[in-house]
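Architecture and fold: a report
Listed below are the residues making up each chain.
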Amino acid sequence: MQSVKIGVLGLGTVGSGTVNVLSRNLQEITGRAGRDIEITHAAVRDLTKETACSTEGISLTDDAMAVVNNPDIQVIVELIGGTGVALDLVTKAIENGKHVVTANKALIALHGNELFAKAQEMGVTIAFEAAVAGGIPIIKAMREGLAANSIEWLAGIINGTGNFILTEMRDKERDFADVLAEAQALGYAEADPTFDVEGIDAAHKLTIMASIAFGIPLQFDKAYTEGISKIAQEDVKYAAELGYRIKHLGIAKKTEQGVELRVHPTMIPHRRLIANVDGVMNAVLVQGDAVGPTLYYGAGAGSEATASAVIADIVDIVRAVTTDPENRVPHLAFQPDALSDTPILPVSEVVTSYYLRVSTEDKPGVLADITRILGEQGISIEAILQKQPEEQGGIVPVIMLTQEVVEKNMDAAIAQIEALETVKDSVMRIRMESLG
Ligand code: HSE
């Protein structure tokens, strides 16, 4: 039986990991795939730069398009990232009738709809397990393992850098900037770390998971994205006092009105398993109507962890290479003609409970004004905590937990509270989820 020939685009962290794991476990991987798998070509940006893997037997070039146009190669593994040159290369690979494996979340979240349609037309597969939560096989779990379920919601810690920052802030009371610098040094952060801390990377991954969960086209532009850079040390502390932890969650929820698609700091009860996912680790909690909650945990980034997902995709493709393209697992779990146009809700229509921190003057009647405003907007207070006045200026932090309310009512209430003369500074709000 002829071997399946692979061309890898990019031999950086994940590319090198892929070469290393494939060569180390080749016998087992071949036994699973049923065919020999051979990386014959690889493209790198700089041929003089040393790679973290052996390139023996691999033909190296700095011309990625030449690899994509090589007629002997059946599978292109795109590990360049971004939506520039990677989009051109993947598009060309599909046009050339090659299967594609990619770890590129931005590419799938932003261009997946067109790429999948083109792949369908050409009878090839685009596999993207490594694009979401690194080594955790969450795409396969949702697309195949949970195929019986109507998925109700999912919530994930899907950015290791952000989770590392929040964990260090909580455990070691470290500053945001200091921890970010360490995450960058560890090689977890994106090339542009604002993608991590502002939630863009997580929104890419959430967009992909939501489409697979609910059978909707990819709609990254409709995801609500809020980062963690405004979380203060005192919020971390008050959350702990109240029995919660702050996690940067990606949440996708099906409601009667549509789909909520949102990434933001979220307070969750500290007893939940997912609240205890710390450091750079990722986890995704999926609620199916039949199975109930299922939790997937593991390394969301890193060389060999991500390579694990890349190679699993290669094995899937190798196994299916001779099957009828119409009968392969659909890219977004649902057959293309079964995707629905369920709307993505704007964040103003999202319903959650809230943590509020209001900095007020220490004067009679201040609390009454705040609770009156909340009451007028139909917002019930669940708990209230007034801290000692801060030493300078007599400013008192008032912490409130509310019951569930539609976000537009909370927006209106916060605007009125911030307009009070006795309220100093903007109101800090953190959405809460019970995840029960
Ligand atoms: N920057 C990402 C993270 C890498 O920190 O999780 C994996 O996508």
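In case you missed it, the structure is sitting above this.
Rules behind the numbers
Residues numbered from 1 in each chain as written. Predicted model: local features only at pLDDT ≥ 70, side-chain atom pairs only at ≥ 80, totals over all residues. Heavy atoms only, no water. Near = heavy atom within 4 Å. Polar contact = N/O pair within 3.5 Å; in protein donor to acceptor, adjacent residues only side chain to side chain. Helix = DSSP H or I, 4+ residues; strand = E, 2+ residues; numbered from the N terminus. Nonpolar A, V, L, I, M, F, W, Y, C, P; charged D, E, K, R; others polar. Core = buried A, V, L, I, M, F, W, Y, C linked by side-chain atoms within 4.5 Å. Buried < 20%, exposed > 50% of the residue type's maximum accessible area, 1.4 Å probe, protein only. Contact = heavy atoms within 4.5 Å. 1 Å grid on protein atoms, 1.4 Å probe; cavity = no way out; pocket = protein on both sides within 12 Å on 5 of 7 lines; lining within 4 Å. Points joined across faces, edges and corners; volume = space filled by probe spheres on them. Pairing = 2+ DSSP bridges. Right-handed = clockwise from strand over helix to strand, strands pointing away. Axes fitted to C-alpha atoms, helices over the stretch in contact; angles between N-to-C directions. Left-handed = near helix turned anticlockwise from the far one by under 90°. Patch = residues over 30% accessible without salt bridge, like charges linked within 9 Å, V, L, I, M, F, W, Y side chains within 5 Å. Areas by Shrake-Rupley, 256 points an atom, 1.4 Å probe, with all protein chains shown as cover. Salt bridge = Lys/Arg side-chain N within 4 Å of Asp/Glu carboxyl O. Domains from an automatic or database assignment.

A look at the site of the ligand
Near the ligand, the surroundings consist of K105, N159, G160, T161, Y188, A189, E190, D196, D201, K205, G300 and A301. Within the side chain of T161, an N or O atom sits 2.7 Å from an oxygen atom of the ligand. In this structure, K205 approaches the ligand through a side-chain N or O atom, which is 2.8 Å from an oxygen atom. At the level of secondary structure, the elements contributing two or more residues to the shell around the ligand comprise α7 (160-172) and α10 (200-214). A class-by-class count of the residues in the shell around the ligand yields three nonpolar, four polar and five charged.

Observations concerning the nonpolar core
One finds I138, M142, I208 and V286 to be the most contacted residues of the largest nonpolar core, which totals 55 residues. At the level of secondary structure, the elements contributing two or more residues to this core comprise α3 (64-68), α4 (85-95), α5 (105-122), α6 (138-145), β7 (151-157), α10, β10 (259-269) and β11 (281-288). Not counting residues up to four positions away in its chain, the partners in contact with V286 are I138, M142, L146, I151, W153, L154, G292, P293, T294 and Y296. Counting 31 residues, the second largest nonpolar core, distinct from the first, contains I37, I39, I311 and I317.

Observations regarding empty space enclosed by the protein
For the structure on display, the rule yields two cavities of 30 Å³ or more. Taken as a whole, the largest cavity spans an internal volume of roughly 140 Å³. Lining of the largest cavity is provided by 13 residues; of these, Q120, P325, R328, V329 and H331 occupy positions nearest its centre. Reported here for the second largest cavity is a volume of approximately 30 Å³. For the second largest cavity, the full set of lining residues is I157, I158, N159, G162, N163, L166, A202 and H248. Top contributing element to the lining of the second largest cavity by residue count: α7, with three residues. Taken together, the residues that form the lining of the second largest cavity break down as four nonpolar, four polar and no charged.

Digging into the environment of I6
Among the structural elements, I6 can be located in strand β1 (residues 4-9). Judged by its relative accessible area of 0%, I6 falls in the buried class. Placed 175 residues apart in sequence, I6 and A181 show a C-alpha to C-alpha distance of 36 Å. Leave out the neighbours within four places in its chain, and I6 touches I37, E38, I39, T40, H41, I73, V75, V77 and I314.

Quick notes on unusual backbone geometry
Look at A133: it is not a glycine, yet its phi comes out positive at around 55 degrees. Its place among the elements puts A133 in the loop between β6 (126-127) and α6. By relative accessible area, which is 0% here, A133 ends up buried. Of note in the backbone geometry, A333 takes a positive phi value of approximately 75 degrees without being a glycine. With respect to the helices and strands, the residue A333 is situated in the loop between α12 (303-320) and β13 (351-361).

A look at the pairing of strand β5 (residues 99-102)
Taking every second residue as pointing to the same face, both faces of β5 are buried, with H99 and V101 on one and V100 and T102 on the other. Both strand β4 (residues 75-78) and β5 contribute to a ladder of four bridges, which runs parallel. Paired with V77 across the bridge in β5 is V101. The β-α-β motif built from β4, the intervening α4 and the parallel element β5 has right-handed crossover chirality. As paired strands, β5 and β6 are joined by two bridges and run parallel to one another. The partner of V101 across the bridge, within β6, is A127. Handedness of the crossover is the feature at issue here: the chain leaves β5, passes through α5, returns alongside β6, and the resulting connection is right-handed.

Describing the packing of helix α2 (residues 26-33) against α12
Look at α2 against α12: their axes get within 9 Å of each other, and the N-to-C directions meet at 40 degrees. Both α2 and α12 take part in a crossing whose hand is right-handed. Taken together, the residues of α12 that come into contact with α2 (itself represented by I29, R32 and A33) are I311, V315, V318 and R319. Considering only residue class, the contact of α2 with α12 consists of five nonpolar, no polar and two charged.

Concerning the sheet that holds β1
Consider a sheet: its strands pair through backbone hydrogen bonds, and that pairing is either parallel or antiparallel. Spatially, the six strands line up as an open sheet ordered β3-β2-β1-β4-β5-β6, and their pairing is parallel. The two strands at the open ends of the sheet, each matched to only one other strand, are β3 (59-61) and β6.

Things to note about a nonpolar patch on the surface
Together, L367, I381 and I384 line one region of the surface with nonpolar side chains, adding up to about 210 Å² of accessible area. Look at I384 and you get partly exposed, because its relative accessible area is 44%.

Brief notes about helix α11 (residues 233-241)
Within the span of α11, buried status applies to D235, V236, Y238 and A239. Directly beyond the C-terminal end of α11, a positive phi value near 90 degrees is found at G243.

Section: the layout of surface pockets
A water-sized probe, rolled over the atoms, reveals where empty space remains. Taken as a whole, the second largest pocket spans an internal volume of roughly 370 Å³. Lining the second largest pocket we find 22 residues, and of these K230, S426, V427, M428 and R429 sit closest to its centre. Put simply, the parts of the chain that give the lining of the second largest pocket at least two residues each are β13, β15 (395-402) and β17 (423-432). In terms of residue class, the lining of the second largest pocket is made up of nine nonpolar, four polar and nine charged. Each of two domains, domain 2 (138-299) and domain 3 (350-432), supplies a minimum of three residues to the lining of the second largest pocket.

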